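Chain residues, written in single-letter form:
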Amino acid sequence: MRVGLLGLGRIGAFHAATLAAHPLVDELIVADPVRTSPHGAPGDPFEADAVVIASPTSTHAELLLKACRLGIPAFCEKPVAGGVKETVEVLEASQGNRVQIGFQRRFDPGYVSAAAALRAGELGELHRVHLVTADPAPPPAEYIPLSGGIYRDCHIHDFDILRWVTGREVVSVFATGANRGAAFFAEAGDVDTSAALLTLDDGTLATVQGSRYNGGGYDVRMELAGSRGTQAVGLSPRAPLRSTEGLEPGDEPWPDFVTRFAHAYAAEIDCFLRSDVSLCSIEDALAALYVAEAAELSRREHRPVEVAEVMR
């Protein structure tokens, strides 16, 4: 098949290499206003059989709408759009067209195993979940005012994987944050350190923590504690953790998200190319966005927020 790729930034370049090496891809058409790729030829991506959207966030909604108008299957990096209203508009316009959203943790072997263990009853009744997403260094200052804030930009991955692994919905959020680093976060109305308490629809409690300044390395983990056992995702020899009891990382810590989730990024593209069913839909992305919106509102107003309060 012919595949069009829009955007050749960090993740776009990774997707370009993945697509070019994929046995189902005969031709890769790439489009980026400033970058080129050795893995594809310039052209109009919408003349292809399918498109992969890895362009800046502000362009996602417009490009998805175009793909839907043309009836072209589309894979799009998160988010679908900049806010709830636009996301709902894209959802409505996408009916009948296959769209897969790039929440790659669903394709990571650790999260897949945890979901299977929970569903098989190995953990018993789930009581608590803890999630961590901590970057080793912050994004560029100019990115922060456009990011939507740490809960929409970063923790939306935690909210999505929490829903996917547990099979439950988040009903309320109590979130906070702090500024422990550069002034540009506070100047943009954002925080660089985060913590939130989420309540799921069956009463399970989940905590989320994050940082833009995790000096040890890239740290992404999930812990599920049930009545029969506890299971952790991400507690590998490359996790940037050190124990006072002598447990030390066995390998170099993960430096960034692309390295940590390289397998998952390739797997989600393979799924998009091979499957007629989207394993991460716009509906899924909207559900995670609702939780992020509730978290951001909670942080700003210093109060618990019901997710239903931000739903449209």
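Please refer to the structure placed before this passage.
Residues numbered from 1 in each chain as written. Predicted model: local features only at pLDDT ≥ 70, side-chain atom pairs only at ≥ 80, totals over all residues. Heavy atoms only, no water.

1. Notes on the overall build of the protein
Regarding its fold elements, the protein presents eleven helices and 13 strands. Structurally, the protein occupies a C-alpha span of about 55 × 45 × 45 Å along its principal axes. Residues counted as buried form 52% of the 312 residues belonging to the protein. Contacts in the protein between residues at least 24 apart in sequence constitute 70% of all its contacts with a sequence separation of at least 6. Carbon together with sulfur atoms contributes 53% to the accessible area of the protein, which is approximately 13900 Å² in total. Measuring between centres, the 27 positive side-chain charges of the protein sit 2 Å from its 42 negative side-chain charges. (Helix = DSSP H or I, 4+ residues; strand = E, 2+ residues; numbered from the N terminus. Buried < 20%, exposed > 50% of the residue type's maximum accessible area, 1.4 Å probe, protein only. Contact = heavy atoms within 4.5 Å. Areas by Shrake-Rupley, 256 points an atom, 1.4 Å probe, with all protein chains shown as cover. Lys, Arg positive; Asp, Glu negative; His and termini not counted. Charge placed at Lys NZ, Arg CZ, Asp CG, Glu CD.)

2. Structural notes on the sheet that holds strand β7 (residues 126–134)
Pairing within the open sheet is mixed, and its seven strands lie in the order β12-β11-β7-β10-β9-β8-β13. The open sheet is flanked by β12 (230–233) and β13 (305–306), the only strands paired with a single partner. With seven bridges connecting them, strand β9 (residues 193–200) and strand β10 (residues 205–211) associate as antiparallel partners. Each bridged residue has a counterpart across the sheet, and for Thr193 the counterpart in β10 is Ser211. Sitting on the sheet, helix α4 (residues 109–119) is in contact with β7, β11 (219–226) and β12, with an inclination near 160° to β12. On top of the sheet, helix α11 (residues 282–301) reaches β8 (170–178), β9 and β13; it is set at about 45° to β8, its chief contact. (Pairing = 2+ DSSP bridges. Axes fitted to C-alpha atoms, helices over the stretch in contact; angles between N-to-C directions.)

3. Points about the nonpolar core
The nonpolar side chains of a soluble globular protein tend to be buried, and buried together. By size, the foremost hydrophobic cluster in this structure holds 88 residues, and its most contacted members are Val173, Leu198 and Met222. For this core, the leading source of residues is α11, giving eleven residues. In this view, Val173 contacts Ala196, Leu197, Leu198, Val291, Ala294, Ala295, Ser298, Arg303, Pro304, Val305 and Val307; residues no more than four positions away in its chain are not counted. (Core = buried A, V, L, I, M, F, W, Y, C linked by side-chain atoms within 4.5 Å.)

4. Concerning the sheet that holds strand β6 (residues 99–102)
Pairing is parallel in the open sheet, where six strands are placed in the order β3-β2-β1-β4-β5-β6. Each edge of the sheet is formed by a strand with only one pairing partner; in this case those strands are β3 (41–42) and β6. For strand β5 (residues 74–77) and β6, the ladder comprises four bridges, and the chain directions are parallel. Note that in β6 the partner of Phe75 across the bridge is Gln100. In the packing of helix α1 (residues 10–21) onto the sheet, contacts are made with β1 (2–6), β2 (27–31), β4 (50–53) and β5, and the angle to β1 comes to roughly 170°. Lying on the sheet, helix α2 (residues 60–70) is in contact with β1, β4, β5 and β6; it crosses β5 at an angle near 175°.

Honestly, that's just the spatial picture; any functional story needs more than this.
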